[in-house]
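Structural overview
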Amino acid sequence: MGLGYLTTIGTFVGIYIILTLSLNIISGYAGQISLGHAAFFGIGAYTSALLTLKAGFSFWLALPAAMIIAGFIGAGVGIISLRIKGDFLAVTTIGINFVIVTVFEYSDFFGGAYGIMGIQYPMLFGLKISKFYYLMLVFFFVVVTAFFCFLISKSWIGLALETIREDEDAAEASGLNCAKFKIIAFAMGCAFAGLGGVLYAHFMRFITPNDFTFPVSITIVAMMVVGGMGTIRGPILGALLMAALPELLRPLANYRLLFYGGLIVFMTRFQPQGLFGENAFIIKKLFGQNLRAAFSKRNRAGGEEI
Amino acid sequence: MLQQVVNGIIIGSLYALIAVGLTMVYGILRILHIAHAAVFVSGAYLGLLVYTYTQSLILALILAAVGCSIFGWLIQRFLYTPLLTEARIVPLIASVGLFILCEDLFRLLGGPYIRAFKVDLWFDKLIFFDTVVTAHQCLIVIGTAACLVSVYFLINRTKLGLAWQATAQDMDTAKAMGINIKQVINFNFIIASSIAAIAGVLTAINYNSVLPTMGSVPAYKMFAIVVLGGLGSIPGTIAAGLIIGMAETIMSAYFGFIMPRDAIAFSAMILILIFRPQGLFGKGV
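So, a few notes on the structure that sits alongside this text. (Residues numbered from 1 in each chain as written. Chains lettered and ligands numbered in written order. Predicted model: local features only at pLDDT ≥ 70, side-chain atom pairs only at ≥ 80, totals over all residues. Heavy atoms only, no water.)

Before going further, it helps to spend a moment on the overall build of chain A. A count of helices and strands for chain A gives 13 helices and 4 strands. A globule of 306 residues ought to have a C-alpha radius of gyration of about 19 Å, and chain A, at 20 Å, matches this closely. C-alpha atoms of chain A, sized along the principal axes, occupy 65 × 50 × 40 Å. A burial count over chain A gives 53% of its 306 residues as buried. (Helix = DSSP H or I, 4+ residues; strand = E, 2+ residues; numbered from the N terminus. Rg over C-alpha atoms; globule rule 2.2 N^0.38 Å. Buried < 20%, exposed > 50% of the residue type's maximum accessible area, 1.4 Å probe, protein only.)

Here is the structure:
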């Protein structure tokens, strides 16, 4: 295993962490099941590729532009989610994924089935950055995304989204503008998926519609659920584990997918709230009880006695 | 034109057969049962296995149905029932995991290549004017009709079917009224899985092929059909299956490749859902 190989794996893991965290805003915080997240990953990648190749944007300018476009299209899905709810929404997002991949595949503007080749590597001060620095860049954006998620979860938006997740009717009845917050959640989640797409496109330098199909969406959802949705550590560790897993399972060669599927079944069956979720076995073992209880106990101990 | 309609009906009735099981599972457990496609593929393999040894199509259909009922029941008992109290997305992911596992298992057991499933019937084809209906197509229509009629009778004319309807409407109330929920769920999975098995055998005969990945397109396309029919509604699902089968066949025959076949179902679904969020035949949410 060379260093180059590890750098590549590290970059992919980082991109998956960003994708999983961004989906977590939609599914974990706001409770809206989306099974088409790879579409926004693709929108980010294609936008950035086209902006740098055809419009002459630099990587640094294309990145926010791609995020904004992915966010806007995501907000569109948010509007759809106001009308189509629950499991209907889950299936509709599968459909959106298919339709968007079809658009990439069948229009010449997006390069058709062959995709887009020759995407530039980002330049910094006129120099091509090395693979290792690219990994650092991805790592930087992982930290930014995680910090952003942390801010959301601590803000009013986070509280509102949690209320919508638990009981939408009650939230609406208590005067919360559910429509607004749902659209915000979709826009934010999809914008960060777009960020993942930009990082992917400029790392691979070659993208095809195949990179953003429904199985990719399912992988992202599986990472989130296996890690533990609704938390920040869950998606990060879940993505880390499941993106590294195929590499770790490499010695099994022919039986890789068998084990991969089996592990998903096993983990969801016995740790349905995620390996690192609220009531997870691992967290309980490490801290003696679940995290929330540990923290509230510490707060109580530090505070005044009532 | 008539030829395309016939082909559309054949594809549509196969879709309807697979989707009916899915909608039944959703109706009771509210789980999007992706692994239903794995049951469907295992039906095709079991059918092929029995047919190569016995050369009897009836026996192949029956044994495939029995085998898949057991498979479906095992999925229900050991995977879904323990996860019923969790967030909706958890059983869905478990189901996806099971589907990945099964697809690989079929590849390892059955080999990664396409196996032929050649069945000779006692006539070859019927010709009405310019329209050709092959014997296999007749078999599919008869098989589908038989399955759907028996589902209709089981659900509308038996005591267990009545209990099924009550449970589909409101599981808690049904439980409070003394309905044996466990029995209803078992019944549900046995029916749904055996229909999937029959659909698997019929599909394999129609395309004269059995391969490990034959379930990957139905796995998600069926959801478009089930949702279009209004999740949980059996007549709606049958109608939606026929409509999608017809639309796909006619569109790809007359308009060529504007979009791939598989995208048609989803485009139709999104368009219809925007105007009718509860599906074509669904009751209000």
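What follows is about the overall build of chain B. The helix and strand tally for chain B stands at 11 helices and 2 strands. Secondary structure elements in chain B, listed N-terminal to C-terminal, are α-α-α-α-β-β-α-α-α-α-α-α-α. Relative to a compact globule of 285 residues, whose C-alpha radius of gyration would be 19 Å, chain B shows 19 Å and is just as compact. For the C-alpha atoms alone, the extent of chain B along its principal axes is close to 60 × 50 × 35 Å. Relative to its 285 residues, chain B shows a buried fraction of 54%. A sequence separation of at least 24 residues applies to 75% of the contacts in chain B between residues at least 6 apart. Accessible surface computed for chain B: about 12400 Å², of which carbon and sulfur atoms make up 69%. (Contact = heavy atoms within 4.5 Å. Areas by Shrake-Rupley, 256 points an atom, 1.4 Å probe, with all protein chains shown as cover.)

What follows concerns the pattern of salt bridges. In the structure shown here, the tally under the stated rule is 7 salt bridges over all chains. Ionic pairing is found between A:Glu166 and A:Arg165, a salt bridge with its closest N-O pair at 3.2 Å. As a salt-bridge pair, B:Arg107 and B:Asp104 come within 3.0 Å of each other at their nearest N and O atoms. Of this pair, B:Arg107 and B:Asp104 both sit in helix H4 (residues 89–110), 3 residues apart, roughly one helical turn. According to the relative accessible area criterion, B:Asp104 is buried, its value standing at 4%. One connected set of salt bridges, linked through shared partners, spans A:Lys85, A:Glu168 and A:Lys182. (Salt bridge = Lys/Arg side-chain N within 4 Å of Asp/Glu carboxyl O.)

All names here are of chain B. If you trace the backbone, Ile179 turns up in the loop between helix H7 (171–176) and helix H8 (181–207). Counting along the chain gives 16 residues from Ile179 to Ala163, while the straight-line C-alpha distance between them is 6.5 Å. Other than its neighbours up to four places away in sequence, Ile179 contacts Ala163, Ala166, Thr167, Ala174 and Val184.

In short, shape yes, function no, at least from these values alone.
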